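# Inside the fold
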Amino acid sequence: MPTLLIVHHTPSPNVQAMFEAVLSGTSAPEISGVDVVRRPALAATASDVLAADGYLLGTPANLGYMSGALKHFFDTVYYPCLDATRGRPFACYVHGNSDVTGTLRGIESITTGLGWEKAAGIVTVTGEPGKEDLAACWELGATIAAGLMP
């Protein structure tokens, strides 16, 4: 059974709402045969990444960059997973209070280095997520999970 690994840093109610919407999308009734594993960014390991077939990343934008927790995740798994995970699909969602440009640039740079393939558009939200934002998060989760269905 294909595995989707959700790696997230969820320190605020806004990011939590986005995470829950993404998670709900991954378990839509139309999705079957995909095991969804979720790990906080500080707990996710290279073994988790190697065991997964696709990735969904979630982070707040902190001081113009991804959270330290997600950066730590990438620092921990980058070299152990570099060759073995090339070509695997990923998607991400980012929450910021203002600008998320630096966060997106950092994630794009690292995932390009890993050779991961963007499987869906990136969902970005600034401020409190509205109904449309949460619907986009749900769609993101459903899209990446559906892409892994056998």
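Here we summarise the structure given alongside this text. (Residues numbered from 1 in each chain as written. Predicted model: local features only at pLDDT ≥ 70, side-chain atom pairs only at ≥ 80, totals over all residues. Heavy atoms only, no water.)

## Quick word on the pattern of salt bridges
Using the following cut-off: Any carboxyl oxygen of Asp or Glu that lies within 4 Å of a side-chain nitrogen of Lys or Arg is treated as forming a salt bridge with it. Each helix is a run of DSSP H or I of at least 4 residues and each strand a run of E of at least 2, with the numbering of both proceeding from the N terminus.
Throughout the structure, instances matching the rule amount to 2 salt bridges. With a shortest N-O distance of 3.4 Å, Arg39 and Asp48 are connected by a salt bridge. Among the salt bridges present, the one from Asp75 reaches Lys71, with a minimum N-O distance of 2.5 Å. Placement of both Asp75 and Lys71 in helix α3 (residues 68-81) is noted, with a separation of 4 residues, approximately one turn of the helix.

## Overview of helix α4 (residues 101-114)
Stated formally: Here the expected length of a helix is defined as 1.5 Å per residue gap, with one fewer gap than residues. Throughout, exposure labels follow a simple rule: accessible area from a 1.4 Å probe, protein chains only, divided by the maximum for the residue type, with under 20% read as buried, over 50% as exposed, and the rest as partly exposed. Along the arc lie the directions from the helix axis toward the C-beta atoms. Whether two residues touch is decided by their heavy atoms; if any such pair falls within 4.5 Å, the residues are in contact.
Over its 14 residues, α4 extends 20 Å from the first C-alpha to the last, a length consistent with the 20 Å expected when each residue adds 1.5 Å. Every buried residue belonging to α4 is among Gly102, Thr103, Gly106, Ile107, Ile110, Thr111 and Leu114, and all of these are buried. Considered in projection along α4, the buried side chains sweep an arc of 155° and stay on one side of the axis. Exposed side of α4, more than 90 degrees from the buried face: Arg105, Glu108, Ser109 and Thr112 are the residues found there. Buried positions along α4 lie against β3 (54-62), β4 (65-66), α3 and β5 (89-96). At the C-terminal side of α4, Gly115 shows a positive phi close to 80°.

## Overview of the packing of α3 against α4
What counts, and what does not: For every element, the axis is a line fit to its C-alpha atoms; helices are fit only across the contacting stretch, and the angle between N-to-C directions ranges from 0 to 180 degrees. Note that the term roughly parallel is reserved for angles under 35 degrees, roughly antiparallel for angles over 145, roughly perpendicular for angles of 65 to 115, and oblique for everything else. Should the near helix be turned counterclockwise from the far one by less than a right angle, the crossing is left-handed, whereas a clockwise turn marks it as right-handed.
Their axes nearest at 12 Å, the elements α3 and α4 cross at an angle of 15°. On the basis of their axis angle, the class for α3 and α4 is roughly parallel. Between α3 and α4 lies a crossing whose hand is left-handed. Residue-level contacts link Leu70, Lys71, Phe74 and Tyr78 of α3 to Ile107, Ile110, Thr111, Gly113 and Leu114 of α4.

## Topic: the side chain of Arg88
To keep things clear, this is the line we draw: For this count, His and the chain ends are skipped, Lys and Arg are scored as positive, and Asp and Glu as negative. Between N or O atoms, a polar contact is any pair within 3.5 Å; within protein, one atom must be a potential hydrogen donor and the other a potential acceptor, and residues adjacent in sequence are included only when both atoms are from side chains.
Residue placement: Arg88 occurs in the loop between α3 and β5. No salt bridge is formed by the buried Arg88. Its closest oppositely charged neighbour is Asp53, at 5.5 Å. A polar side-chain atom of Arg88 sits 2.7 Å from the main-chain carbonyl oxygen of Ala52. Those residues in contact with Arg88, other than ones at most four positions away along the chain, are Val49, Leu50, Ala52, Asp53, Tyr55, Gly115, Trp116 and Glu117.

## Structural notes on the packing of aromatic side chains
Quick reminder of the rule: Within 6.5 Å between ring centres, the rings of Phe, Tyr and Trp (the latter by its six-membered ring) count as paired, and their orientation is classed by plane angle as stacked under 30 degrees, edge-to-face over 60, tilted in between.
Inspection of the entire model under this criterion finds 5 aromatic pairs. The interplanar angle of 20° and the centroid separation of 4.2 Å between the aromatic rings of Tyr55 and Trp116 together place this pair among those described as stacked. Of this pair, Tyr55 sits in strand β3 while Trp116 sits in the loop between α4 and β6 (117-118); the two residues are 61 residues apart in sequence, bridging distant segments of the chain. Each ring, one from Phe90 and one from Trp116, has its centre 6.2 Å from the other, and the planes form 50°; the classification is tilted. Residue Phe90 is located in strand β5, and its partner Trp116 is located in the loop between α4 and β6; the two are separated by 26 residues in the primary sequence. For the pair Phe90 and Trp116, one class covers both residues: buried. Counting every residue linked through ring pairs, the aromatic cluster contains Tyr55, Phe73, Phe74, Phe90 and Trp116.

## Digging into the nonpolar core
Using the following cut-off: Joining through side-chain atoms within 4.5 Å is the link that ties buried Ala, Val, Leu, Ile, Met, Phe, Trp, Tyr and Cys residues into a set, and such a set is a nonpolar core.
Leu57, Leu70, Phe73 and Phe74 are the most contacted members of the largest nonpolar core, which totals 27 residues. Elements represented by at least two residues in this core include exactly β1 (3-8), α2 (46-51), β3, α3, β5 and α4. In terms of residue count, the dominant contributor to this core is α3 (6 residues). Residues in contact with Phe73, not counting those within four places in the same chain, are Val7, Ala41, Ala44, Val49 and Leu57. If you look at the next biggest cluster of nonpolar residues, it comprises 22 residues, including Leu4, Tyr93, Val125 and Ala145.

Everything listed here is a matter of geometry and, on its own, says nothing about what the molecule does.
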